[in-house]
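Inside the fold
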Amino acid sequence: MRGAVYNLGISNVIPKSVTRVSRSAPCLRFALQLSFVMLGLAIAARAVDWNAPEQQLARKIVAVTGPGAVAFSVENRSSLGRRDNEVIQNGLRGALEGLGIRFVKADQGAATVAISLSENPASYVWVAQIRQGAGEVAVVMVSAPRGEGSAAMHDSVPLSLRKTPLWAQDDPILDVVVLEENTVPARIAVLDPEKVSLYRMQGGKWQQEQTAGIVHARPWPRDMRGRLMPARDHLLDVYLPGLICHSTTGTPLTLNCRESDDPWPLVSGTLNGGTLSVFPSAGLGNGASTVIPQLSAFFASTRNFFTGALTPGVGRFTTVSKFYSAALLPRDKYTLWLFAATDGQVHMVDGVTDQPARLGWGSDLASVKTACGAGWQVLATSAGEPGDSVRAYEFPDRDPVPVSAAIEFSGAITAFWTEARGDTAIVVVRDRQTGDYEAFRLALACSQ
Amino acid sequence: MRPFDWRWLVVSSLLAGALAADAETRTQYGGTAHVAMRAAPTSLDPADGTQPDSFARRSLTMLMFDTLVTTDENEHVQAALATSWQASTGNQRWQFRLRHGVKFHDGTPLTAEVAAASLRAANPSWNVLVDADSVVIERDGADPELLAELALPRNAIAKRNSDSKPSGTGPFHIVDWQPAKRLTLAAEEACWRGRPFLDGVEVEMGRSFRDQMMALDLGKADWVEVAPEQSRRISAEGRLLASSLPIELMALVFTRDVKSADDRMLRESLALSVERGSIRSVLLQGAGQPAASILPNWLSGYAFVFPTDADLPRARHAREQVRTIPTWSVGYDGSDPVARLLAERIALNARDAGLSLQPTTANAADLRLVRISLASPDPWIALANAAALTGMPPVKSTGGSVEDLYAAEQAALATQRIIPLFHLPVSYAVATTLKNWTLRRDGSWSLADAWIGSGKP
């Protein structure tokens, strides 16, 4: 009975299929198109073979009844669906017939065999209650391993927000950065609390290239957060609570970590003459880069939020309320910053004013640059059942206007960062049922 | 295959909607959670066998202490104070390597010596040794359930000091302890799992269900217990209700073994006479499930083969085989609001079968109406523990098939020491400001990762 495994319902085929593959290979399907192709294979692969427990139970039944005529019934007391129920019922009938059983009506059989398809946390439990004449009821049973199960495809309606699965694992994912890509990601780095792992897509599967451990003396906060930043002169910088690591340039990948309360950059990009040339590939028609002043924020090393201290600041503000996340919206002559504060409000800071508002948003914000609409959208999380969701908004003035339908996830969003390229975001979700962490790239399809 | 919702947590749908409307998605630090409970333990020592096992006691233990291993929501064993383990000699010898850098709340480091001493105190029959930074447990025979056993709160690692406050490594440390009355806990800043989000937890003990609900309504409690028979009403009133799967066994337990063939017939007659279905509908207000087995169906998968319907003709027939009918006294817990009604109703059923039962609150009784908190989501441990509590012969796990488990349970029931009546869920009412609490499958709760949302100071 040990090693009990619950086979939870699968709310979304795509991330789950990623999860399965990532465990066994580990590898991933990286592109949505590829996911659909693989989906059929995945579902087919999940078809559970009930033959062994069917044969086993049939033998146990016949050991009691012997060959002959029996009245036979099956009741499903488990989570098995109608299709599996029918498959098992037919399988049992076939197995019993193969052992010399003939099926007759209840009043014509020498015995009645009532089979219940039940389950416990570890397995399916199939129980046969056998009555012969007026004698005692004999009980025989077998256990059948739980299969992966199929699931209905969700999200059949096209959405403006599109998610592409990148990676899934048991351990928390703090951030994922795409290091190389052509039309689809070809090399990624995955940050978890204890290591950075590099994976390369080879032959349609993610193959682990290297792993570099993170050495830390202090315990991590419970709601652990971290950030990966591509660097110009080396591969990556890693920002963790109270710890900053710089990777080596070449192979093997190693991390030089030091305890540090240095601020975390709030915008990604490469340094360009005192400002950050942010998001150079973000789809601006004239090919120009959007230039945004650098902004960093201090992270509370034993908590899950930024302290509110900014450097160099937004206009006259070098301090704002403690916040979980920030998003930017470039305007003609300034940049509007949105801070999701720990008090549940969103603070809109333009350098002159700090305007708080209760927008009913979640704690995590990101902004993306697109080639349509106002050009910049804020992606905001929202709590919900069974999982959190993300929706895109624009700010014509200071009031948000939703510009997409909400896209729902299968659990709580645990990390949400704008990618270095600026036109997509990384969202990490802890699947409510499996407990696995799943990273997606979130893009806004503006044509919708 | 349709998804099977194995989640043991059931939140009333009305308030699930309210939760969905809540915007917060990330945890917040600060605040104190107020908990009320009926149990009134006089000791916080996880290994103190004089304290009755209860869901409340398990919950408190895991706020202050850690076990070598834990089990996750899927019953997979996870590392805790032990980072790795290895079994040898046919699961008889287990070696657990301890996590480095863990300190007790008194500032002293976790060592193999202290961990071994703690396990010896909890399990005097075990041979627990120290091997460098490892703890070695040697059992007489193969023990495939050892990991699940070590995950039980009673096997939490405690450093026993001279005072009544054992030191643990858990997320909260003791600030004030008034036995059986009040416990004040504060966040352990250096907790190896990370500081909890709450600043503290205050626990009021020995409070009736009614007082607890009043405290919740007045905003003086965030987490209170709910009697099973009250759970539907509480939910209908729009409160946030959390319920486990049925994990508590209500049963009649005889205080002695069967002593004669007549005794056996009378016990069978009593078991057949109890109208579990109508008792559940009326007295328990539809809570729980009628039971004729020790393990609930969700745990075993076969409980339905034990019939729960009353069979008065058979009960009378069994009773008629006996010439002299004794009057049995049925003891019940006078502080349990529904126990007296249940005992009286069972006595009425028994009278219909020609038996004579006399309910009493006295300790000395021929049989007792008891609630047994099943010890673990591991069926073998749950069965073995229930057998030990009710005076049945020891149940030894074979680690084998479900049929072996069925045979073991059937043998336990054949002793006729116990007449199972109901499997009940454990229910709690929760303040909507308390977030991210956990209701474990063993019926205990955890506030280690809980936090208080905005709207409450």
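Note that the coordinates shown come from a computational prediction; the quantities given were computed from them, not determined experimentally. Residue numbering note: each chain is counted from 1, following its sequence as written. Here chains are named by letter from A upward and ligands by number from 1 upward, in the order in which they appear as written. In view of the model being predicted, local features appear only for residues whose pLDDT reaches at least 70, and side-chain atom pairs are presented and counted only at 80 or more, with totals across whole chains, interfaces and linings using the full set of residues.

Think of interface size as the accessible area that goes away when the parts come together; that is how it is often given. Where each domain starts and ends comes from a domain assignment, either automatic or drawn from a database. Examined at the domain level, chain A breaks down into domain 1 (51–144) and domain 2 (161–444). Just the C-alpha atoms count here: the centres of domain 1 of chain A and domain 2 of chain A sit 55 Å apart.

Residues and elements named next belong to chain B. When the domains of chain B are assigned, the result is domain 1 (10–49 + 170–239 + 426–457), domain 2 (66–162) and domain 3 (248–424). Placing the centre of domain 1 and that of domain 3 at their C-alpha centroids yields a distance of 32 Å. Placing C-beta atoms from the backbone, we regard two residues as in contact once those atoms come within 7 Å. Contacts between the two partners involve ten residues from domain 1 and, on the opposite side, 13 residues from domain 3.

Turning our attention to the packing of helix 12 (residues 379–389) of chain B against helix 13 (residues 402–414) of chain B. Residue and element names in this part refer to chain B. One way to put it is that helix 12 packs onto helix 13 with a least axis distance of 11 Å and a crossing angle of 10 degrees. The orientation of helix 12 with respect to helix 13, classified from their angle, is roughly parallel. Crossing handedness for the pair helix 12 and helix 13: left-handed. Every residue of helix 13 that contacts helix 12 at Pro379, Trp380, Leu383 and Ala387 is listed here: Leu405, Ala408, Glu409 and Ala412. Amino acids outside the nonpolar list (Ala, Val, Leu, Ile, Met, Phe, Trp, Tyr, Cys, Pro) and the charged list (Asp, Glu, Lys, Arg) are all regarded as polar, and Gly is one of them. A class-by-class count of the residues in the contact of helix 12 with helix 13 yields seven nonpolar, no polar and one charged. What counts as an axis is a line fitted to C-alpha atoms, over the stretch in contact for a helix, and the angles between N-to-C directions run from 0 to 180 degrees. A helix here means a DSSP run of H or I that spans at least four residues, while a strand means a run of E at least two residues long, and both kinds are numbered starting from the N terminus. Should an angle fall under 35 degrees it is called roughly parallel, over 145 degrees roughly antiparallel, and 65 to 115 degrees roughly perpendicular, with every other angle called oblique. Here is the rule for handedness: rotate from the far helix to the near one, and if that takes an anticlockwise turn smaller than a right angle the crossing is left-handed, while a clockwise turn gives right-handed.

Glancing now at helix 5 (residues 209–217) of chain B. Residues and elements named next belong to chain B. Among the residues of helix 5, those classed as buried are Phe209, Gln212, Met213 and Leu216. Along the axis of helix 5, the buried positions cluster into a sector of 95 degrees, meaning they face one direction only. Buried residues in helix 5 make contact with strand 2 (32–36), strand 12 (223–226) and strand 20 (427–430). After helix 5 finishes, the residue Gly219 shows a positive phi value of roughly 75 degrees. Whether a residue is buried, exposed or partly exposed is read from the other C-beta atoms within 10 Å of its own C-beta, which are placed from the backbone; 20 or more gives buried, 12 or fewer gives exposed, and intermediate counts give partly exposed. The reported arc concerns the directions from the helix axis to the C-beta atoms and nothing else.

Okay, the sheet that holds strand 7 (residues 175–181) of chain A next. Residues and elements named next belong to chain A. One open sheet accounts for four strands, arranged 7-8-9-10; its pairing is antiparallel. A strand with exactly one partner marks an edge of an open sheet, and here the two such strands are strand 7 and strand 10 (205–213). Neighbour-to-neighbour, the strand axes of the sheet open up by a mean angle of 20 degrees, direction not taken into account. As paired elements, strand 7 and strand 8 (residues 185–192) share six bridges and run antiparallel to each other. Residue pairing in the sheet places Val176 in a bridge with Val190 of strand 8. The criterion for strand pairing is that DSSP finds at least two bridges linking the strands in question.

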